[in-house]
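Tertiary structure, described
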Amino acid sequence: MHLKAVANLLLAMFCISIMDTMIKMLSGGYALHQLVFIRASISLVILLPVLFRHGIMAMHTRRPGAHIFRGLLLVMANMTFFTGLASLPLAQASALVFFAPVIITVFSFWILKEQFGPFRWVAVLVGLVGMILVVQPFSGRIEVAYLWPLAAAFCYAGFTTMTRYIGKTESASLLAVTAQGAFLLVSVLMGLVVGGGQFAGHADPGIEFILRAWHWPASSDMVYFGAIGVLSAITALSISAAYRSASASLLAPFEYSNLPLVLLWGYLVFNEFPNTMALTGIVLIAAGGLVVWLDSQFRKRAV
């Protein structure tokens, strides 16, 4: 067991749960690109000295394209998820991101022509039922906002794969810095396009979060902006270190530690708690992902 890698991932999941809670708190008064820009700026201030401490060669890479693609996947995963947070309960939005293993299984069958046993298809059905119970399309009012965290699930799956792919040759600090650099670049571009608020005034909270004008944070909110930046730096380093030293298949189950944490913060901070149907869906999504993992581990041992 790679205990250090597991500890790094658990730390990252804890930081992410706190960070997501704070971003949801601020989403009603600030623009998405502003939150991302300030978060990335503070994070880079922390991360760059760490990178230089490892020497100038820590910045060297033969895979600049892979770093850019990985960074953009992470930016898209975060921004689509944060947009969903503006409209959705914290726990439900977070749970839908963990639908990623089920999506990957279906795509692997259709696109890559991979063959799976019955346990993998049971996992797909369990995860699909869980997703339906969380979204509850039969309740009479379908929230389009649920599409945001589902899009985040696709992007996060790609980011995790890319981290493992290039992590064997790239330093954890470089992986963390390039990811934050991607956040900085995209948020600046968004600020230049929509930062004046000329497109604001949308009734949908998620869309308004994207289009809202930039304005200076209130003094009472400064501590949250600072904390988000620090947590982002810790998360970037922890995830990069975890996936460099252990396989994604080993670490995947520990990512689900995020779900009980967001349930707790959602209840304590926003007085949110999923109804019985949504809570059952969250459990089923986690169960489906874990069955996918168990099946892949069993097949590896059987080869």
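Each chain carries its own residue numbering, running from 1 in the written order of its sequence. Local features in a predicted model are, by the rule used here, given only for residues with pLDDT of at least 70; side-chain atom pairs are given and counted only at 80 or more, and totals for whole chains, interfaces and linings are based on all residues. Side-chain figures throughout are based on the complete set of non-hydrogen atoms in the structure, without hydrogens or water.

So, on to the overall build of the protein chain. The secondary structure content of the protein chain amounts to 13 helices and zero strands. Labels follow the DSSP assignment, with helices taken as runs of H or I lasting at least four residues and strands as runs of E lasting at least two, numbered in each case from the N terminus. Secondary structure elements of the protein chain, listed N to C terminal, follow the sequence α-α-α-α-α-α-α-α-α-α-α-α-α. To sort residues, take the accessible area from a 1.4 Å probe on protein chains only and compare it with the maximum for the residue type: under 20% means buried, over 50% means exposed, and anything in between is partly exposed. For the protein chain, the proportion of its 303 residues judged to be buried stands at 52%. Should any heavy atoms of two residues lie within 4.5 Å, those residues are considered in contact. At a minimum sequence separation of 6, the contacts of the protein chain that also span at least 24 residues come to 86%. Residue-level accessible areas treat just the shown protein chains as cover; the underlying method is Shrake-Rupley with a 1.4 Å probe. When the accessible area of the protein chain is evaluated, it comes to approximately 14,100 Å², of which 73% is carbon and sulfur surface.

We now examine a nonpolar patch on the surface. Only residues whose relative accessible area exceeds 30% and that form no salt bridge are eligible for patches; like-charged ones are grouped when within 9 Å, while nonpolar side chains (Val, Leu, Ile, Met, Phe, Trp, Tyr) are grouped when within 5 Å. Think of a salt bridge as a Lys or Arg side-chain nitrogen and an Asp or Glu carboxyl oxygen that are within 4 Å of each other. Taken together, Met25, Leu264, Tyr267, Leu268, Val269 and Phe273 make up a surface patch of nonpolar side chains, about 580 Å² in accessible area. Tallying contributions element by element places helix H12 (residues 258-270) first for the nonpolar patch, with four residues. Turning to its location among the elements, Val269 is positioned in helix H12. Residue class for Val269 comes out partly exposed when judged on its relative accessible area of 41%.

The subject of this paragraph is the nonpolar core. What we call a nonpolar core is a set of buried Ala, Val, Leu, Ile, Met, Phe, Trp, Tyr and Cys residues that are connected through their side-chain atoms within 4.5 Å. Core analysis: the biggest nonpolar cluster contains 83 residues, and Leu96 and Leu251 have the highest contact counts within it. Of the residues forming this core, the biggest block, twelve residues, is contributed by helix H1 (residues 3-26). Listed in part, the six residues of the second largest apolar core include Leu44, Leu47, Val177 and Ala236.

Now for H1. Each helix should span, by expectation, one fewer than its residue count multiplied by 1.5 Å. Its 24 residues place the ends of H1 35 Å apart at the C-alpha level, agreeing with the 34 Å of an ideal helix rising 1.5 Å per residue. With 17 of its 24 residues buried, H1 lies for the most part within the structure.

On to the packing of aromatic side chains, then. For this analysis, a ring pair means two rings from Phe, Tyr or Trp (six-membered ring only for Trp) whose centres lie within 6.5 Å, classed as stacked if their planes differ by under 30 degrees, edge-to-face if by over 60, and tilted for the remaining angles. For the coordinates displayed, the defined rule picks out seven aromatic pairs. Seen in terms of ring centroids, Phe14 and Trp265 are 6.5 Å apart; in terms of plane orientation they differ by 70 degrees. Their pairing is edge-to-face. One end of the pair, Phe14, is in helix H1; the other, Trp265, is in helix H12, and 251 residues separate them in sequence. In this structure Phe14 comes out as partly exposed when scored by relative accessible area, which is 38%.

It is worth spelling out the side chain of Ser232 at this point. Assignment of secondary structure puts Ser232 in helix H10 (residues 222-245). Leaving out residues up to four positions away in the same chain, Ser232 has contacts with Met19, Arg39, Ser43 and Gln180.

You can see Leu237 is positioned in helix H10. Taking C-alpha positions, Leu237 is 9.9 Å from Ser171, a pair spaced 66 residues apart along the chain.

The next subject is the pattern of salt bridges. Summed over the entire model, instances satisfying the criterion amount to one salt bridge. The residue Lys24 makes a salt bridge to Glu272 at a minimum N-O spacing of 3.8 Å. Separated by 248 residues along the polypeptide, Lys24 in helix H1 and Glu272 in the loop between H12 and helix H13 (276-302) bring together distant segments of the chain. With respect to burial, Lys24 and Glu272 carry one shared label: buried.

A few words on the side chain of Thr235. Of note, Thr235 is situated in helix H10. The residues contacting Thr235, other than those within four sequence positions of it, are Ala12, Cys15, Ile16 and Met19.

Here we come to unusual backbone geometry. Phi is positive for Asn271, close to 55 degrees, though the residue is something other than glycine. Structurally, the position occupied by Asn271 is in the loop between H12 and H13.

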